[in-house]
Amino acid sequence: MDEHNHDHSHHHKTSADDHQHGEHSGHGHHSHNGNEGDHHGGHMGHHDHHAHMVDDFKKRFYISLILTIPILILSPMIQMFLGVNWRFAGDMYILFALSSVVFFYGGWPFLAGAKDELKDKNPGMMTLISLAIIVAYVYSSAAAFGLAEDDFFWELATLIDIMLLGHWIEMRSVMGASKALEELAKLMPSEASVIDEDGNVKVVDITELRHGDHVLVRPGEKIPVDGEIIEGKSTVDESMLTGESVPVEKETGEEAIGGSVNGEGSLIISIKKTGEETYLSQVIKLVREAQESKSKAQDLANRAAKWLFYGALVAGLLTFVFWLSLGYTVSYAITRMVTVLIIACPHALGLAAPLVVAVSTSIAAKNGLLIRNRASFENARFIEAIVFDKTGTLTKGEFGVTNIAISSPYTEKEVLSLAAAVEAHSEHPIARGILKSAKEKQLSIPPVSNFQSLTGKGLQGVVDGKEIMVVSPGYVRSEKLSFDEGPFNEWSAEGKTVVFTLVNGKITGMIALADIIRDTAQEAIDRLKELNIKSIMLTGDNAKVAQYVGGKLGMDEIFAEVLPHEKSDKIVHIQTKEGLRTAMTGDGVNDAPALAKADLGIAIGTGTDVAIETADVVLVKSNPMDVLNIIKLSKATYNKMLQNLWWAAGYNILAIPLAAGILYPIGIVLSPAVGAILMSLSTVIVAINAKLLKID
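Residues numbered from 1 in each chain as written. Predicted model: local features only at pLDDT ≥ 70, side-chain atom pairs only at ≥ 80, totals over all residues. Heavy atoms only, no water.

Colleague: Outline the overall build of the chain, listing residues and values.
Modeller: Looking only at helices and strands, the chain features 26 helices and 22 strands. Burial status across the chain gives 56% buried among its 696 residues. Within the chain, residue pairs in contact and separated by at least 24 positions form 72% of the contacts whose partners lie at least 6 positions apart. Taken as a whole, the chain presents about 29100 Å² of accessible surface, with 57% of it coming from carbon and sulfur. (Helix = DSSP H or I, 4+ residues; strand = E, 2+ residues; numbered from the N terminus. Buried < 20%, exposed > 50% of the residue type's maximum accessible area, 1.4 Å probe, protein only. Contact = heavy atoms within 4.5 Å. Areas by Shrake-Rupley, 256 points an atom, 1.4 Å probe, with all protein chains shown as cover.)

The following block contains the structure:
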C-alpha cells in the first residue's frame, strides 16, 4: 500500500509525507499591520461604543456616589434614624438640588432604558427602577416645598448608586462587540511584492492588487491574497486557516490561500481573487453572520423585574385605594402608595445577577477560563454535545515519534540517535519531532558532516564515517529497497507519517510520527461521558489521522476532511438534525465561523487571535479538562444566581404587603426607615451569597 494514495480532493500531498525538507531558514511569521477594509469599520465602532458605555456608567456611579454622602447627611429620615438633628434653614432646598443632579445625571441611563422597554411593550428592570426613582423624586420634591409629608431623596440616591454599580459591574464583565473581524483582517499582510512586466519587484499596498498580477512571496512571508502558483516550490503552513496539521507541499499549478505562511522556497503567484472574494474574506463574512444570528439570552433578573413592575404597580394602586376607602387623607394614602413603590424597588435584585457574574468571572480567570460572552457561558449548563477541533486542541499540533521498527544489528536508540544527528540541521516539523524525541530519551546526538538536503527525498550526512540518510517512502520505493511492509502499512493506515533511516544505503529502521495527543484529552472525554455529554471530533485533517486519534480517545462521533467553510454547517447539523445544544472548541481561523455558530464557542488560548475573539470563553491553558470546568462553573453560577434572585425577590414579596399596611389591624405599619433596613439586609445577604460561589 502506498502511503501517498490518501490524497483527497482538497488535500495536497504534504511535505511530511514526501519528507522533502530543506532549510526552513525563513519560516518566521512576519507580523504585518492588518489591512482592515471599510466593512470592518462598523464593527470596530460598535466595540468602541461598548467601551464608552462602560466608562460612562463608571463615571455616573462615582459622581452620584459623591453627591449621595451630603444627601444622606441632610436627609431628615436618616437623621431621625441616627437620633441626631442637623436641620437648618433651607436644608431641604440644598437636598432637592443635590438629589435633582443625581436623578437627572445618575438616573438618565435608566430613564432612557425604560423608554426603550416601554416602546417595545416589554417592561423590565429599567422600567421598575425608573418607576421607583420618578415616584421618589416627584413626591420628595413636593415634600421639599411643603406639599407632601416625608421625602425619599436618600432612597432615590442610594437606589441610583446601587443600580449604576450593578450595571457597571455587569457591563465590565460582559465582553461587548467581538473584535474577531479586526483580528481576521490582521492576518492579511498589508503589502505585497509585485513583479512588473520588466521583471522588477516593487512593494505595493495590498488594496492595489488586481486579478492576474504576479506576486513574489519570499520564504517565511505570508501569502497576500488567493492565487495560483506559477513558479516555485515550497511548503506552506495553512494550519491556522484549514486545520491541516502538517505544512502542505505546493508547486506550480496549485492554489495558494491568502494569510497562509510560506515555508522555505520562493513562490511567484498569479492573483485569482482579491478583496471580498478571498477565502479569508469569506471566513470573515461567515463569522459576522453567525455572530449576528446568535440569539441574546434574556436576563433572568429582567424577567423577575418585569413581574415585580406589574406587582408593584398593582400593589401601589390597591394600597392607595385601600387607605382612601378607610377614610384616610389623600396625602396619607399617597405616602403609603409611594412607600410601597419605593420598597418594591429592586436594590438587591439589581445586584443579584451582576455580583454573581463578577465573582464567577474572577473564579473563571483564576482557573484560566476567560468569559467573553456571559449569556452563552450561563447557558453552558445545557450543553449536550462538545465538538473538538483536533489539531492543537485534542492534540498538541506538533509531531512526535510514536513507533520505531528496526533491522538488526541496530537498536531503537541507535536508529533514533542517527536520524536525530542528520535532522538536527533541518527546521522541518518532522525534524523537530525526531530531535525532540531523541532529547526526551536523553540520547547522545553525534556530530554530522557533509550534510545535504535531497529535494523531494530527504536528508543525508556522514556520521562516524558512515553515510546516514533519512528519507521518504517514495525514495525507498524508487530505489527498490525491501522493508517490512506490515508495520509500515499499519502505521500508514493510522495516518502516521513514516520515514526510513539508511546506513550506507541499507535500511536500518522505520520511524513513525504523528501529532501528539494531549495527556488531559483522554480524561476530559471520559468525564464528559459520565455527564452524558457527547464528544465529537471535527477536523480538516485526513480521515486516517482523525480515526486514529478519535479511536484512541473514544470519541462518540468523528467528522474528518471537513473544509473550513463546512465546519459551521456541521455545527448547524448537530444542532438541528441531532437536536443537541452544542459547544465548539477550536484554535484556528478555520474554526472561527463554527465557534460563532455554536451555542458555546470555546477557544484555546494558544490559538489565533481570531478564534479567541470569536469565542464566548477562552481557555488560557490548552487543557481539554477546562472544557469540563466551564460546564461545572456555568451550573454553579446559575444556581447561585437563582438563589440570589429568590432572596432579592423574596424581600420584595415580603416587604410590599408590609409597606401596604397588611398588618395594620394589629398595629404594625412598615415605615420607610424599616423598609430601608430590610432593603440593606437583603442586599448584604445577596452579596455574601455571591461570594460563596465556587467550582465543585
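Colleague: Explain the environment of Lys635 to me, and be specific about the residues and the numbers.
Modeller: Locating Lys635 in the fold gives a position in helix H25 (residues 625–660). For the pair Lys635 and Asn379, spaced 256 residues apart in sequence, the C-alpha separation works out to 8.5 Å.

Colleague: Can you break down the UniProt feature "transmembrane region" (unreviewed entry) in the chain residue by residue, with the values?
Modeller: Residues given the UniProt feature "transmembrane region" (unreviewed entry) here are residues 61–81, 93–114, 126–146, 152–169, 307–326, 338–365, 645–667 and 673–693. The span residues 152–169 is 94% helix and 0% strand, and its two end C-alpha atoms sit 26 Å from each other. The span residues 645–667 is 70% helix and 0% strand, and its two end C-alpha atoms sit 31 Å from each other. (UniProt positions renumbered as here; feature names shortened; annotations may be inferred.)

Colleague: Just give me the short version of a nonpolar patch on the surface, but keep the residues and values in it.
Modeller: Residues Ile69, Ile73, Phe81, Leu82 and Trp86 make up a contiguous nonpolar surface patch of about 540 Å² in total accessible area. Going through the elements one at a time, helix H2 (41–74) and helix H3 (76–82) are the ones with two or more residues in the nonpolar patch. The topology assignment puts Ile73 in helix H2. (Patch = residues over 30% accessible without salt bridge, like charges linked within 9 Å, V, L, I, M, F, W, Y side chains within 5 Å. Salt bridge = Lys/Arg side-chain N within 4 Å of Asp/Glu carboxyl O.)

Colleague: Give a detailed account of the sheet that holds strand S6 (residues 248–250), specifying residues and quantitative values.
Modeller: Reading across the sheet, the 3 strands line up as S6-S5-S8 and stay open at both edges, with antiparallel pairing between neighbours. Of all strands in the sheet, those with a lone pairing partner are S6 and strand S8 (261–262), marking the two edges. Two elements, strand S5 (residues 234–237) and S6, share 3 bridges in a ladder whose sense is antiparallel. In the sheet register, Val236 faces S6, and the bridge partner there is Val248. (Pairing = 2+ DSSP bridges.)

Colleague: Quick rundown of helix H21 (residues 543–553)? Include the residues and the values.
Modeller: Residues Val545, Ala546, Tyr548, Val549, Gly550 and Leu553 constitute the buried set of H21. Directly beyond the C-terminal end of H21, a positive phi value near 75 degrees is found at Gly554.

Colleague: Can you break down the confidence of the model for the chain residue by residue, with the values?
Modeller: Within the chain, residue pLDDT values average 80, and 83% of them lie at 70 or more. The weakest mean pLDDT in the chain belongs to helix H1 (residues 15–18) at 36; the strongest belongs to helix H4 (residues 91–106) at 96. Below a pLDDT of 50 lies the segment residues 1–47, which in the model reaches 145 contacts outside its immediate sequence neighbourhood of four places, other chains included. Every residue in residues 293–298 is under pLDDT 50, and counting partners more than four places away or in other chains gives 11 contacts. (pLDDT = per-residue confidence, 0-100.)

Colleague: Mind laying out the packing of aromatic side chains, listing which residues take part and the relevant values?
Modeller: Inspection of the entire model under this criterion finds 21 aromatic pairs. When the ring of Tyr62 is compared with that of Trp168, the centres are 5.8 Å apart and the planes differ by 65 degrees; the resulting orientation is edge-to-face. Residue Tyr62 is found in helix H2, and its partner Trp168 is found in helix H7 (residues 153–173); the two are separated by 106 residues along the sequence. By relative accessible area, which is 10% here, Trp168 ends up buried. Aromatic side chains Tyr139 and Phe152 sit 5.9 Å apart centroid to centroid with 45 degrees between the ring planes, which places their arrangement in the tilted category. Of this pair, Tyr139 sits in helix H6 (residues 125–144) while Phe152 is found in the loop between H6 and H7, placing the two residues 13 residues apart along the sequence. The exposure class of Tyr139 is buried, given its relative accessible area of 8%. By way of ring pairs, the aromatic residues Tyr93, Phe96, Phe103, Phe104, Tyr137, Phe145 and Phe153 are connected into one cluster. For Arg60, the ring lying beneath its charged end belongs to Tyr105, and the centroid distance is 4.8 Å. Sitting over the ring of Phe382, Arg581 keeps its end group 4.6 Å from the ring centre. (Phe/Tyr/Trp six-rings, centres within 6.5 Å; stacked < 30°, edge-to-face > 60°. Lys NZ or Arg CZ within 6 Å of the ring centre and 35° of its normal.)

Colleague: So what about helix H19 (residues 485–493)? Which residues, and what values?
Modeller: Taken together, the buried positions of H19 are occupied by Pro487, Phe488, Trp491 and Ser492. Buried residues of H19, seen end-on, are gathered within an arc of 130 degrees and therefore sit on one face of the element. You can read the cap of H19 off the contacts: a side-chain oxygen lies 3.1 Å from the backbone nitrogen of Gly486, and it is on Asp484. Just downstream of H19 lies Gly495, where phi reads positive at about 80 degrees. (Arc of directions from axis to C-beta. Polar contact = N/O pair within 3.5 Å; in protein donor to acceptor, adjacent residues only side chain to side chain.)

Colleague: Tell me about the nonpolar core, and please be specific about residues and values.
Modeller: The biggest cluster of nonpolar side chains holds 112 residues, and the ones touching the most others in it are Ile386 and Ile630. If we skip the residues at most four places from it in the chain, Ile630 touches Leu369, Phe377, Ala380, Leu600, Ile602, Val617 and Leu619. Within the second largest apolar cluster, 25 residues are counted, among which are Ile404, Val463, Val470 and Ile511. (Core = buried A, V, L, I, M, F, W, Y, C linked by side-chain atoms within 4.5 Å.)

Colleague: Give a description of the sheet that holds strand S17 (residues 506–517) that names residues and reports values.
Modeller: Read from one edge of the open sheet, 6 strands run S12-S17-S16-S15-S14-S13, paired in antiparallel fashion. Strand pairing shows two members of the sheet lacking a second neighbour, strand S12 (395–406) and strand S13 (449–454), which therefore form its edges. Direction aside, the axes of adjacent strands within the sheet are offset by 20 degrees on average. Of the pairings in the sheet, the one linking S13 to strand S14 (residues 458–463) comprises 4 bridges and is antiparallel in character. Bridged to Gln452 within S14 is Gln460. Across the sheet, helix H17 (residues 429–440) touches S12, strand S16 (497–503) and S17, and the angle it forms with S12 is around 65 degrees. (Axes fitted to C-alpha atoms, helices over the stretch in contact; angles between N-to-C directions.)

Colleague: So what's going on with the side chain of Ser140? Which residues, and what values?
Modeller: Within the secondary structure, Ser140 sits in helix H6. Owing to a relative accessible area of 0%, Ser140 belongs among the buried residues under this scheme. Of note is the side chain of Ser140, whose polar atom sits 2.5 Å from the backbone oxygen of Ala136. Excluding residues within four positions of it along the chain, Ser140 makes contact with Asp151, Phe152 and Phe153.

Colleague: Describe the environment of Val627, and please don't skip the residues or the numbers.
Modeller: Counting through the fold element by element, Val627 comes out in helix H25. Linking Val627 and Thr585, residues 42 residues apart in sequence, is a C-alpha distance of 8.2 Å. Beyond its immediate sequence surroundings of up to four residues, Val627 is in contact with Ile386, Phe388, Thr585, Ile602 and Leu619.

Colleague: Help me get a handle on the pattern of salt bridges, residues and values and all.
Modeller: Close approach of charged atoms allows side chains of opposite charge to pair. Tallying each qualifying case throughout the model produces 14 salt bridges. One salt bridge connects Lys233 with Glu249, and the closest N-O pair in it is separated by 4.0 Å. Of this pair, Lys233 sits in the loop between strand S4 (227–232) and S5 while Glu249 sits in strand S6, placing them 16 residues apart in sequence. Among the residues examined, Lys233 registers a relative accessible area of 38% and is labelled partly exposed. The class of Glu249 is buried, set by a relative accessible area of 6%. The closest approach of N and O atoms between Lys567 and Asp591, which form a salt bridge, is 2.7 Å. Linking Lys567 in helix H22 (residues 564–576) with Asp591 in the loop between strand S20 (582–586) and helix H23 (592–597), this pair joins segments that are 24 residues apart in sequence. Looking at Asp591, the relative accessible area reads 0%, which means it is buried. Among the charged side chains, a network of salt bridges with common partners joins Lys233, Glu249 and Glu251.

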